[in-house]
Amino acid sequence: MSEGTAINTGYVDPVNDLGALLLEVEKPARYTGGEYGRLARRDAPLQTLIAFPDLYEIGMSNQALRIIYNGLNRIPGVSCDRAFAPAPDFERLLRERGLPLYGLDTGVSLKNLDLLLFTLGYELGISGILAILDVSGIPLRSDQRGEHDPLIIAGGPAVSNPLPYSAFIDAFWIGEAEAGFFDLAQELLTIRQNGGSRAALFERIKNHPHIWVKGKERAVRAVDSCFARRETASSLEVAVYPVPSMKTVQHHGILEIMRGCPNGCRFCHAGYWYRPMRQKTQDALVREAEAFITRGGYREISLSSLSSGDYAGIGELVDALNRRFSGRHVSFQLPSLRVSSFSLSLLEKISQTRKSGLTFAVETPRDFWQLAINKQVTEDSVVEILKEAKRNGWRGAKFYFMIGLPVPAGEYSEEVEIVNFITAVARKTSMHFNVNVGIFVPKPHTPYQWARQIDSESAAAKLEFIRSRLKPLGHKVSVSDPFVSMLEGILSRGDARAGDLVEQAFRAGSRLDAWQEFIAKDVWRGILEHHAALTGEFLAEKNIEAPPPWQHILSGVSSAYLRTEFEKSHKAALSPPCAENCTAPCGVCKRDTGIMRNENSCGAESPEHPPEPENTAHSDPAIWRLLFSFTKEGSAVFHGHLSLIEIFSMAMGRAGLDVLYTQGFNPLAKMEIVSPLSIGIAAGAEMAAVEFSHEFSPGEFTEKMNAALIEGIRVNRAEIYRIPGGSKKHSLSSLLWGFGYADPDGETAYVPASEEKAYRKKHLDAGAALFSLHRTCVLAKNIIIDDSKQSAALPWASYFDVYRHLYMTI
């Protein structure tokens, strides 16, 4: 560690070891764990951890992390924990307290692992890797580590050129984890159980055909040939666990319907890296969706792929999913649709539960340029779709463009043409748009790996032109940061010297370089000015005849094929989509690896979910309101009110409770939590209510919810009441009197709601920590008329007593 020394401990308990100090950092729930579906174990002989080199809310949406986490934890004797890059405020806290970074499941110190794994989907994630290593007391450079340090393995699409990271990573997994990594882990477990050393583990790792280490002549990309045929029950859990407790950037289930893409867009790294296209069957996807809903509690699911419209029978798949799950208020999203595969009827199907947005990845506006990048998105086709969409209720759309693509410009300026395209489409449709403009970064293993990257000054001028012309017309414009794109380009096609620049920036204080609020641009500018010639070398056009620095990594796509595609780009010549019997093979398809299409596109009938109980026959029908109290303790105290609502909503989904939902654009469970509780305060009996259209056993509710809730939250009492149609439905908040707090002397203080803020301030002014406060109960106004009870003289009463007085108890 750069500051202080990590405590020599095997495990960290963040609630006990950091406690109230966690309230000093932003979003402390990032670091406390306790989620539903944790799988790691302290007693496993082989201890591993998958680390994501960005913040929790980014990493918990990552499909690769879930695949590796679940895959390793399915192996008896192997434990795989999770960790994420600390934000700078939490990194400082760990250093000040002398604590290492730890796994969220078990608290294991990263320093004490056998294997520390990273999935790197974006080049600038390397700054997160360095922060994770350094704060854990692990030397940054491989050649400085010893027997008591974990072996560091990195994978993911960004390591298709591993050279910039090679000083820091011991070994690189090239390709897809399902195609051999879990078998390798099983071998490493055996070595460890037989007393094998770190050196023995590394010896086996480096000789694997899908592993690249410094000095190795070749590593072959691993391709999961069983991706489209893997339908066992255990595989359903791969994408589900663990379920995040706080809101993430993509807070929905990710149903990977297809891997790879048939279209061959020449700028697209993922499209080439994940060849060939493989599609799961409709039946398998319906079963996986069932797992997301029943095991995960998700009500929004993305049908994920590089181009979902190319899935054979996508309409039939959506129909089958809607038939099965729309009665449970589950919606499905298609985040990636090509304009040529776009169907408004398909979008209507997707929007059956929640209205989806319209997104057009145009990339470049002129037809000739479209052909150059191997796409076909015309202005006329976009206008036709938007006019039809407008007639069906849509009012806007999102467009994606890129500047700096290596297309023959001729007499045209790309920034002017982007403005002209949006202006023309807006005029013809009378709509306003969200326009996102990125900067093209050449990637290895693509036809554009030889292309020059636009310099940051030119990029900034073009982006400012687009923004200044479109914003006054009522369009929202967001653009990439030219400086960050330049750093991405340096790492994308750089060598080990690029890694040296990253290390310099890290040691000078730059953190999480993809984030505007964390990157130290002044530090980076000084480094790049000092190494201007090197920077220019990495960003310049490459000699197409010279072998690239990443030549030791065999993606399966031949260099000859990439050169042909690069030459066709200059001529704006279109290449056909990948097909089983293509006339110009790229080299990926082999005897055991090839294109796999969904073979049951007509689809077997999916059993329909029983229709939701009808509650609209009367304008004010009778309902059953289930009142319950719950605890909020331990790691759960670091979740805020909005997170708490989501936690209960997802838990009810996992518990299979058919509660009532609101009507309208975004249906939500009809649930009320009586009073928000500040982050950091524990609670013994918070009050909440949820509504049903029918009778439901409070005991069954308690049992099912407690099996589905996260650590630290438990239902401890429940009662249900029938509220007749036409009678007043008292909300919990309208009945609120106040709260009970545990005083330091062990007595309970009863505090009216209007005085709660002053009560807390009094204790804080006296030196008590917010973390030490404990709200024991939530109390209702005493509206009970009962002369036989002394409680009638008190201003407050139990919510259960009040509701029992108001309504008949079931």
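Residues numbered from 1 in each chain as written. Predicted model: local features only at pLDDT ≥ 70, side-chain atom pairs only at ≥ 80, totals over all residues. Heavy atoms only, no water.

1. A word on the overall build of the chain
No. 1: Scanning the chain from N- to C-terminus turns up 25 helices and 26 strands.
No. 2: Taken over C-alpha atoms, the radius of gyration comes to 29 Å for the chain, in line with the 28 Å a tight globule of 810 residues would show.
No. 3: Projected onto its principal axes, the C-alpha coordinates of the chain cover approximately 95 × 65 × 50 Å.
No. 4: Put simply, the chain has 810 residues, and 58% of those count as buried. (Helix = DSSP H or I, 4+ residues; strand = E, 2+ residues; numbered from the N terminus. Rg over C-alpha atoms; globule rule 2.2 N^0.38 Å. Buried < 20%, exposed > 50% of the residue type's maximum accessible area, 1.4 Å probe, protein only.)

2. A closer look at the packing of helix α18 (residues 496-507) against helix α20 (residues 532-539)
No. 1: In contact at an axis separation of 11 Å, α18 and α20 are set at 130 degrees when each is read in the N-to-C sense. Here α20 runs oblique to α18, going by the angle between their axes. For the pair α18 and α20, the crossing hand works out as left-handed. Between α18 and α20, the contacting residues are Arg497, Ala498 and Leu501 on the first element and Leu534, Glu537 and Phe538 on the second.
No. 2: Here the residues of the contact of α18 with α20 sort into four nonpolar, no polar and two charged. (Axes fitted to C-alpha atoms, helices over the stretch in contact; angles between N-to-C directions. Parallel < 35°, antiparallel > 145°, perpendicular 65-115°, else oblique. Left-handed = near helix turned anticlockwise from the far one by under 90°. Contact = heavy atoms within 4.5 Å. Nonpolar A, V, L, I, M, F, W, Y, C, P; charged D, E, K, R; others polar.)

3. So, the packing of helix α3 (residues 63-73) against helix α6 (residues 181-193)
No. 1: Interhelical geometry of α3 versus α6 gives an angle of 40 degrees and a closest axis separation of 10 Å. Comparing the axis directions of α3 and α6 gives the class oblique. Relative to α6, α3 is oriented so that their crossing is right-handed. Contacts between α3 and α6 pair Ile67, Ile68, Gly71 and Leu72 from the former with Phe181, Phe182 and Ala185 from the latter.

4. Side note on unusual backbone geometry
No. 1: The omega angle of the peptide bond from Tyr241 to Pro242 is -10 degrees, so this bond is cis rather than trans.
No. 2: When you line up the elements, Pro242 lands in the loop between α8 (233-236) and β8 (253-256).
No. 3: Look at the link from Arg275 to Pro276: it is a cis peptide, with omega at -5 degrees.
No. 4: Locating Pro276 in the fold gives a position in the loop between α9 (269-273) and β10 (278-279).
No. 5: A positive phi angle, near 60 degrees, is found at His329, a position not held by glycine.
No. 6: Inspection of the secondary structure assignment puts His329 in the loop between α11 (314-325) and β12 (331-333).
No. 7: For His329, a relative accessible area of 10% puts it in the buried group.
No. 8: Despite not being glycine, Ala572 shows a phi value in the positive range, around 55 degrees.
No. 9: Looking at the secondary structure, you find Ala572 in the loop between α21 (559-570) and β18 (623-632).
No. 10: For Ala572, a relative accessible area of 10% translates into the label buried.

5. Examining the sheet that holds strand β15 (residues 432-439)
No. 1: If you walk across this open sheet you meet the four strands as β13-β14-β15-β16, and the pairing is parallel. Every other strand in the sheet has two partners, leaving β13 (359-363) and β16 (476-479) as the edge strands with one partner each. Ignoring which end each strand starts from, the neighbouring axes of this sheet average 20 degrees apart.
No. 2: In this structure, β13 lies alongside strand β14 (residues 396-403), joined through four bridges in parallel fashion. Bridge pairing in β14 links Glu363 to Phe401. (Pairing = 2+ DSSP bridges.)

6. Observations concerning the packing of aromatic side chains
No. 1: In this structure the tally under the stated criterion is 27 aromatic pairs.
No. 2: Between the aromatic rings of Tyr31 and Phe90, the centroid separation amounts to 3.7 Å while the plane-to-plane angle is 10 degrees, which identifies the pairing as stacked. Of this pair, Tyr31 sits in the loop between α1 (14-17) and β1 (46-52) while Phe90 sits in helix α4 (residues 88-97), placing them 59 residues apart in sequence.
No. 3: The exposure class assigned to Phe90 is buried, which follows from its relative accessible area of 0%.
No. 4: Site record: aromatic cluster; members linked through ring pairs are Phe360, Phe399, Phe401, Phe421 and Phe433.
No. 5: Across the ring face of Phe483, the terminal group of Arg525 is positioned such that the distance to the ring centre comes to 5.0 Å.
No. 6: Between the NZ or CZ atom of Arg654 and the centre of the ring of Tyr36, over which it lies, the distance is 4.1 Å. (Phe/Tyr/Trp six-rings, centres within 6.5 Å; stacked < 30°, edge-to-face > 60°. Lys NZ or Arg CZ within 6 Å of the ring centre and 35° of its normal.)

7. Describing the nonpolar core
No. 1: Leu72, Phe90 and Leu116 are the most contacted members of the largest nonpolar core, which totals 108 residues.
No. 2: Here the element with the most residues in this core is helix α5 (residues 126-135); it accounts for seven residues.
No. 3: The residues contacting Leu116, other than those within four sequence positions of it, are Leu49, Ala51, Leu110, Leu133, Ile138, Pro150, Leu151, Ile152 and Ile153.
No. 4: Formed by 62 residues, the second largest nonpolar core is a distinct cluster that contains Ala289, Ile314, Val318 and Met671. (Core = buried A, V, L, I, M, F, W, Y, C linked by side-chain atoms within 4.5 Å.)

8. Comments concerning the side chain of Asp89
No. 1: Within the element layout of this structure, Asp89 appears in helix α4.
No. 2: In contact with Asp89, other than residues within four places in its own chain, are Val25, Glu26 and Tyr31.

9. Some points on the sheet that holds β8
What links the strands of a sheet is backbone hydrogen bonding, and the strands pair in either a parallel or an antiparallel sense.
No. 1: Strand order in the open sheet made by the three strands is β8-β11-β12, with parallel pairing throughout. Only two strands of the sheet have a single neighbouring strand rather than two, namely β8 and β12. Sheet twist, expressed as the mean angle between neighbouring strand axes with direction ignored, is 30 degrees.
No. 2: Pairing between β8 and strand β11 (residues 300-304): four bridges, direction parallel.

10. Here's the deal with the pattern of salt bridges
No. 1: Per the stated rule, a full pass over the model turns up 50 salt bridges.
No. 2: Two residues, Asp801 and Arg804, come together in a salt bridge whose shortest N-O distance is 2.8 Å. Residue Asp801 and its partner Arg804 are located together in helix α25 (residues 799-806), separated by three residues, close to a single helical turn.
No. 3: By sharing partners, the salt bridges in this structure join Glu176, Glu178, Glu256, Arg259 and Arg278 into a single network. (Salt bridge = Lys/Arg side-chain N within 4 Å of Asp/Glu carboxyl O.)

11. Quick look at the side chain of Glu565
No. 1: Residue placement: Glu565 occurs in helix α21.
No. 2: Ignoring sequence-local partners within four residues, the contact set of Glu565 consists of Arg266, Tyr272, Pro447 and Ser575.

12. Things to note about α20
No. 1: Listed as buried for α20 are Leu534, Thr535, Phe538 and Leu539. Each buried residue of α20 sits inside an arc of 130 degrees when the element is viewed along its axis, so together they form one side.
No. 2: Looking at the buried residues of α20, the elements they touch are α17 (482-492), α18 and α19 (521-530). (Arc of directions from axis to C-beta.)

13. Section: α17
No. 1: For α17, the buried fraction is high: eleven of the eleven residues fall into the buried class.
No. 2: Contact partners of the buried residues in α17: α5, β15, α16 (456-470), α18, α19 and α20.
No. 3: For α17, the N-terminal capping position is held by Asp481, with its side-chain oxygen 2.8 Å away from the main-chain nitrogen of Phe483. (Polar contact = N/O pair within 3.5 Å; in protein donor to acceptor, adjacent residues only side chain to side chain.)

14. Re the confidence of the model for the chain
No. 1: Residues at a pLDDT of 70 or more form 92% of the chain, whose mean pLDDT is 91.
No. 2: Residue range residues 609-617 is modelled with pLDDT below 50. Its contacts to residues more than four positions away, or to other chains, number twelve contacts. (pLDDT = per-residue confidence, 0-100.)

15. What about the environment of Leu473?
No. 1: Mapped onto the elements, Leu473 comes out in the loop between α16 and β16.
No. 2: For the pair Leu473 and Arg366, spaced 107 residues apart in the sequence, the C-alpha separation amounts to 21 Å.
No. 3: Aside from chain neighbours lying at most four places away, what touches Leu473 is Thr423 and His432.

16. Digging into the pairing of strand β24 (residues 774-781)
No. 1: Bridge analysis of strand β20 (residues 682-692) against β24 gives two bridges, and the strand direction is parallel. Each residue of the ladder has a partner; that of Ala683, found in β24, is Arg775.
No. 2: Pairing between strand β22 (residues 736-742) and β24: five bridges, direction antiparallel. The residue bridging Phe739 from the neighbouring strand is Val778, located in β24.

17. Observations concerning the environment of Asn420
No. 1: Considering the arrangement of structural elements, one finds Asn420 in helix α15 (residues 414-429).
No. 2: Residue class for Asn420 comes out partly exposed when judged on its relative accessible area of 38%.

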